[in-house]
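Coordinate inspection notes
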Amino acid sequence: MHRLALLALVAAALAACSPSSEKAPSGEAAASAVTVTDVLCRPTPNGRQVTGCYMTLTAPTDDTLVSIESPIAALAQVHETRMESNMMMMRELEAGLPLPAGEAVQLKPGGNHLMLHGVREPLRAGQTVPLTLTFASAAPVEVTARVGQPPAAGEDHSGH
Ligand SMILES: [Cu+2]
């Protein structure tokens, strides 16, 4: 009798565990995840500790990119670029970046971008940078950025 009771307990424990342990690639979790592609961070030449990262985000439902984290940087922010009195200015999007349902939102040089501050080690082309993106409603997404020059290179972040 004891053994049967124990088996029942083990079965119950396994059943309780399984939903959370298989969250990744299948079913509803994947369907409601934000798709992130073309993830790229600029190299940090000359000992600079600030760099920009770019990507394309597509949310299945209206959502907001609210924060970014990376173990290689002290601080990561979502920035917008705007012209003010003919000056290109960058500032943090404090309310986050809106992601309309089904729309591919591009972060790119000269536009909205991610900014890493306090980059601990120089970033060189060919390296990778782990980023964790947090959304208002969708589950967080972990991506790996490639380090390299974006296709439309030219403007840099010397305004910072
Ligand atoms: Cu910036």
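Residues numbered from 1 in each chain as written. Predicted model: local features only at pLDDT ≥ 70, side-chain atom pairs only at ≥ 80, totals over all residues. Heavy atoms only, no water.

**Focus: the pattern of salt bridges**
Applying the stated criterion across every chain yields a total of 3 salt bridges. Note that Arg82 and Glu80 form a salt bridge whose closest N and O atoms lie 3.4 Å from each other. Given the relative accessible area of 36%, Arg82 is considered partly exposed. Take Glu80: its relative accessible area is 17%, and that puts it in the buried class. (Salt bridge = Lys/Arg side-chain N within 4 Å of Asp/Glu carboxyl O. Buried < 20%, exposed > 50% of the residue type's maximum accessible area, 1.4 Å probe, protein only.)

**Let's talk about the state of the cysteines**
Counted under the stated rule, the structure contains 1 disulfide. Paired by a disulfide, Cys41 and Cys53 hold their sulfur atoms 2.0 Å apart. Negative torsions about the S-S bond denote left-handed disulfides, and the value of about 100° found for Cys41 with Cys53 makes this one right-handed. Of the two residues, Cys41 is situated in strand E1 (residues 35-41) and Cys53 in strand E2 (residues 51-58); the sequence distance between them amounts to 12 residues. With respect to class, Cys41 is no different from Cys53; both count as buried. (Disulfide = S-S within 2.5 Å. Helix = DSSP H or I, 4+ residues; strand = E, 2+ residues; numbered from the N terminus.)

**A look at the nonpolar core**
Within the largest apolar cluster, 31 residues are counted, with the highest numbers of intra-cluster contacts made by Leu57, Leu65, Leu114, Leu131 and Leu133. In this structure Leu65 touches Leu57, Val78, Gly96, Leu97, Leu99, Leu114, Leu133, Thr134 and Phe135, once residues within four positions along its chain are discounted. (Core = buried A, V, L, I, M, F, W, Y, C linked by side-chain atoms within 4.5 Å. Contact = heavy atoms within 4.5 Å.)

**A word on unusual backbone geometry**
A positive phi is found at Asp38, a non-glycine position, where the angle reads about 55°. Structurally, Asp38 can be placed in strand E1. Accessibility expressed as a relative area gives 60% for Asp38, which makes it exposed. Residue Ser85 is not a glycine yet carries a positive backbone phi of 50°. As for its position among the elements, Ser85 is in the loop between strand E4 (73-84) and strand E5 (87-92). Note on Ser85: relative accessible area 72%, which makes it exposed.

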